[in-house]
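Spelled out from the first residue to the last, the chains are:
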Number of protein chains: 2
Amino acid sequence: MANPEYNIGLLMYPGMTQLDLTGPHQVFAMMPNTRVHLLWKTIDAVTSSEQMTILPTTTFDDCPALDVLCVPGGSGQVEMMGDAEVLKFLQQQEQTAKYITSVCTGSLILAAAGLLQGYRAACHWAFRDQLPMLGVEVGNERVVIDRNRITGGGITAGIDFGLVIAATLCGEETAKMIQLLLEYNPAPPFNAGSPENAGDVLVQQVKKFGEEFIQASRAQTQAIALRVTAI
Amino acid sequence: MANPEYNIGLLMYPGMTQLDLTGPHQVFAMMPNTRVHLLWKTIDAVTSSEQMTILPTTTFDDCPALDVLCVPGGSGQVEMMGDAEVLKFLQQQEQTAKYITSVCTGSLILAAAGLLQGYRAACHWAFRDQLPMLGVEVGNERVVIDRNRITGGGITAGIDFGLVIAATLCGEETAKMIQLLLEYNPAPPFNAGSPENAGDVLVQQVKKFGEEFIQASRAQTQAIALRVTAI
């Protein structure tokens, strides 16, 4: 594709949650006249939290001006929130990108880069309370749209989010075609996909399971919030 | 993990649909005491239909006896249906695997290996009519369970399928925890995820879009069906 109509870039990083990246990627890859970039500092392979190793396609230096910049979440998010090279790249792309987007805890990285302050945004349910520490208003919807910030909730919300982006750029008919291609007619075997549906026992179990990541993210968020306040 | 309780193997191949692989992988990776193998002939990188390049973790030769063998779909499926090395590997694993499974058009690869004859199975909606040519009964459910064959429908069905596998191996409570971790509370922005919901105009558009792949798969399926009948 010599001259794609749309350039979409997904940030990669060690410790990303692979489905945060691969869910929207699958949708974007089905959009007509669209080139999807998997972005990292180098073209060396990047390993997700789940030990899935994926190759970047485009380095930060080689990245064209993007129509959509998308940041996935995952435990590596904590480190990325303090990574000057990553934050600078996001800030640079923000100046030209039409849409600044994220999935899951990727919104905390965008917030650390100063790109969500004064906006409403989504986040994985277990991390939502951390967004306001950075001046971001929390939206509990699965996909939150606030001007040109479009953000998805936890992990699997990336598919719903991807279809919203497809509809925004290419129109509803194309988004519906992609939904049908993906046979996206979900039928979860259980009704436990949100804290409200799952109930308190399950919520506490998941919070305990994820405690280390949740606490590390909170500490990083607090440190960044203090720095911002001190300026 | 020196001695995992469960070994799950996902076949990789050039031209796989990445979400057929990455959807269930995300679920499996959250199962306790489970090692997930990304299987291919070599450990060389494998590129999906969508130009996502992923590294295998385990070669066919190094693959342990699996609890779950899972075959994803994608346009490369046509070639895999005639790949002697792949078919032999699947047949060998079948002898010891507790569950023989697939997502999307992966069921056509299992059928080409002779592993679904006499069973009911799922497939991507646009390819379902090809299963009976190989002696497989079609199931229109999103996840079809027939004895130890568990098969998912098109692409995104891999997440529902993954949760069914998690519940089967680890119990419902664990599967629900994973669903909550994944925030799998889907909210598709449109109601076009099945041929019934999407309506005939959209169905014909998608069939036209996928015509080359659908026809190539049909030709391969017919050739294999003739060979099987001739024996």
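Residues numbered from 1 in each chain as written. Chains lettered and ligands numbered in written order. Predicted model: local features only at pLDDT ≥ 70, side-chain atom pairs only at ≥ 80, totals over all residues. Heavy atoms only, no water.

Novice: Give a description of the packing of aromatic side chains that names residues and reports values.
Specialist: Two descriptors summarise a pair of aromatic rings, namely the distance from one centre to the other and the angle between the planes of the rings. Under the counting rule described, the total for this entry stands at 8 aromatic pairs over all chains. Both rings, one in Phe28(B) and one in Phe161(B), keep their centres 6.2 Å apart while their planes meet at 70 degrees; by these two values the pair is edge-to-face. Linking Phe28(B) in helix α1 (residues 18-29) with Phe161(B) in helix α5 (residues 157-170), this pair joins segments that are 133 residues apart in sequence. Pair check on accessibility: Phe28(B) and Phe161(B) agree, each one buried. Seen in terms of ring centroids, Trp40(B) and Phe60(B) are 6.1 Å apart; in terms of plane orientation they differ by 80 degrees. Their pairing is edge-to-face. Within this pair, whereas Trp40(B) is found in strand β2 (residues 34-40), its partner Phe60(B) is found in the loop between β5 (58-59) and β6 (68-71), the two being separated by 20 residues in sequence. Of the two residues examined, Trp40(B) and Phe60(B), each falls in the buried class. Grouping aromatic residues by their ring pairs yields a cluster made of Trp40(A), Phe60(A) and Phe89(A). (Phe/Tyr/Trp six-rings, centres within 6.5 Å; stacked < 30°, edge-to-face > 60°. Helix = DSSP H or I, 4+ residues; strand = E, 2+ residues; numbered from the N terminus. Buried < 20%, exposed > 50% of the residue type's maximum accessible area, 1.4 Å probe, protein only.)

Novice: If you had to explain the pattern of salt bridges to someone new, which residues and values would you point to?
Specialist: Pairs can form between side chains of opposite charge whenever their charged atoms are close. Scanning the model with the defined rule gives 22 salt bridges over all chains in all. In this structure, the salt-bridge partner of Asp67(A) is Lys98(A), at a minimum N-O distance of 2.4 Å. Highlighted residues: Asp67(A) in the loop between β5 (58-59) and β6 (68-71) and Lys98(A) in the loop between α3 (84-94) and β7 (99-103), separated in sequence by 31 residues. With a closest N to O distance of 4.0 Å, Glu85(B) and Lys41(B) form a salt bridge. One end of the pair, Glu85(B), is in helix α3 (residues 84-94); the other, Lys41(B), is in the loop between β2 and β3 (46-47), with 44 residues separating them in the sequence. (Salt bridge = Lys/Arg side-chain N within 4 Å of Asp/Glu carboxyl O.)

Novice: Quick rundown of the nonpolar core? Include the residues and the values.
Specialist: By size, the foremost hydrophobic cluster in this structure holds 163 residues, and its most contacted members are Ile54(A), Leu90(A), Ile54(B) and Leu90(B). Residues within four places of Ile54(A) in sequence aside, it is in contact with Met12(A), Met16(A), Leu21(A), Thr22(A), Leu38(A), Ala45(A), Val46(A), Met52(B), Thr53(B) and Ile54(B). (Core = buried A, V, L, I, M, F, W, Y, C linked by side-chain atoms within 4.5 Å. Contact = heavy atoms within 4.5 Å.)

Novice: Let's hear about the side chain of Gln18(A): which residues, and what values?
Specialist: With respect to the helices and strands, the residue Gln18(A) is situated in helix α1 (residues 18-29). Overall, Gln18(A) belongs to the buried group, its relative accessible area being 0%. Here Thr22(B) takes part through its backbone oxygen, which lies 2.9 Å from a polar atom of the side chain of Gln18(A). For Gln18(A), the residues in contact, after removing those within four places along its chain, are Ser48(A), Glu50(A), Met52(A), Thr22(B), His25(B) and Gln26(B). (Polar contact = N/O pair within 3.5 Å; in protein donor to acceptor, adjacent residues only side chain to side chain.)

Novice: Describe α3(A), with residues and values.
Specialist: All names here are of chain A. Residues Val86, Leu87, Phe89, Leu90 and Gln93 constitute the buried set of α3. All buried residues of α3 project into a common sector of 160 degrees when viewed along the axis, lining one side. Summarising the geometry of α3, the exposed residues directed more than 90 degrees from the buried face are Ala84 and Lys88. Turning to α3, the residues buried within the fold contact β1 (6-11), β2 (34-40), β6, α2 (77-80) and α4 (106-112). The opening residue of α3 is Asp83, an N-cap whose side-chain oxygen sits 3.0 Å from the backbone nitrogen of Glu85. (Arc of directions from axis to C-beta.)

Novice: Can you lay out the interface of chain A and chain B for me, pointing to particular residues and giving the numbers?
Specialist: Listed by partner, the interface residues are 61 residues for chain A and 61 residues for chain B. Both sides of the chain A and chain B interface together cover about 5,300 Å² of buried area, and 68% of this is carbon and sulfur. Three residues, Leu180(A), Glu183(A) and Phe190(A), lead the burial of chain A against chain B; their summed loss comes to 16% of the area buried on that side. For the pair chain A and chain B, the interface holds 2 salt bridges. (Buried area = accessible area lost by both parts, 1.4 Å probe.)

Novice: Kindly report on the pairing of strand β1 (residues 6-11) of chain B, identifying the contributing residues and their values.
Specialist: Residue and element names in this part refer to chain B. Counting buried residues along β1, 6 of its 6 residues qualify, which places the element largely inside the surrounding structure. The alternating pattern of β1 places Tyr6, Ile8 and Leu10 on one face and Asn7, Gly9 and Leu11 on the opposite face, and all of these are buried. Relative to β2, β1 runs parallel, the two being bridged by 6 bridges. Paired with Gly9 across the bridge in β2 is His37. Assessed by its sense of winding, the connection that carries the chain from β1 through α1 to β2 is right-handed. Taken together, the 3 bridges between β1 and β6 define a ladder with parallel strand orientation. Looking at β6, one finds that Leu10 is bridged to Cys70. (Pairing = 2+ DSSP bridges. Right-handed = clockwise from strand over helix to strand, strands pointing away.)

Novice: Outline α1(A), listing residues and values.
Specialist: Residue and element names in this part refer to chain A. Counted at 1.5 Å a residue, the expected span for α1 with its 12 residues is 16 Å, and the 16 Å between its end C-alpha atoms agrees. Burial analysis of α1 places 11 of its 12 residues in the buried class, the great majority of the element. Within α1, the full set of buried residues consists of Gln18, Leu19, Asp20, Leu21, Thr22, Gly23, Pro24, His25, Gln26, Val27 and Phe28. (Expected span 1.5 Å × (residues − 1).)

Novice: Let's hear about the packing of α1(A) against α1(B): which residues, and what values?
Specialist: Two elements in contact, α1(A) and α1(B), have axes separated by 10 Å at closest approach and are oriented at 150 degrees. Taken together, α1(A) and α1(B) sit at an angle that is classed as roughly antiparallel. As for the relative orientation of α1(A) and α1(B), their crossing is left-handed in sense. Across from Gln18(A), Leu19(A), Thr22(A), Gly23(A), His25(A) and Gln26(A) in α1(A), the residues of α1(B) making contact are Gln18(B), Leu19(B), Thr22(B), Gly23(B), His25(B) and Gln26(B). (Axes fitted to C-alpha atoms, helices over the stretch in contact; angles between N-to-C directions. Parallel < 35°, antiparallel > 145°, perpendicular 65-115°, else oblique. Left-handed = near helix turned anticlockwise from the far one by under 90°.)

Novice: If you had to explain the confidence of the model for chain A to someone new, which residues and values would you point to?
Specialist: Mean pLDDT for chain A: 96, with 97% of residues reaching 70 or above. In the model output, the complex is listed with pTM 0.97 alongside ipTM 0.97. (pLDDT = per-residue confidence, 0-100.)

Novice: Kindly report on unusual backbone geometry, identifying the contributing residues and their values.
Specialist: Residues and elements named next belong to chain A. In this model, Asn33 sits at a positive phi of 55 degrees, which is unusual for a non-glycine residue. Phi is positive for Ile155, close to 30 degrees, though the residue is something other than glycine. Examined against the element boundaries, Ile155 turns out to sit in the loop between β11 (149-152) and α5 (157-170).

Novice: Describe the environment of Glu183(A), with residues and values.
Specialist: Relative to the helices and strands, Glu183(A) resides in the loop between α6 (172-181) and α7 (195-198). Excluding anything up to four places from it in sequence, Glu183(A) contacts Cys123(B), His124(B), Trp125(B), Arg128(B), Arg142(B), Gly153(B), Gly154(B), Thr156(B) and Gly193(B). Separated by 2.9 Å, the side chain of Glu183(A) and the backbone nitrogen of Trp125(B) make a polar contact.

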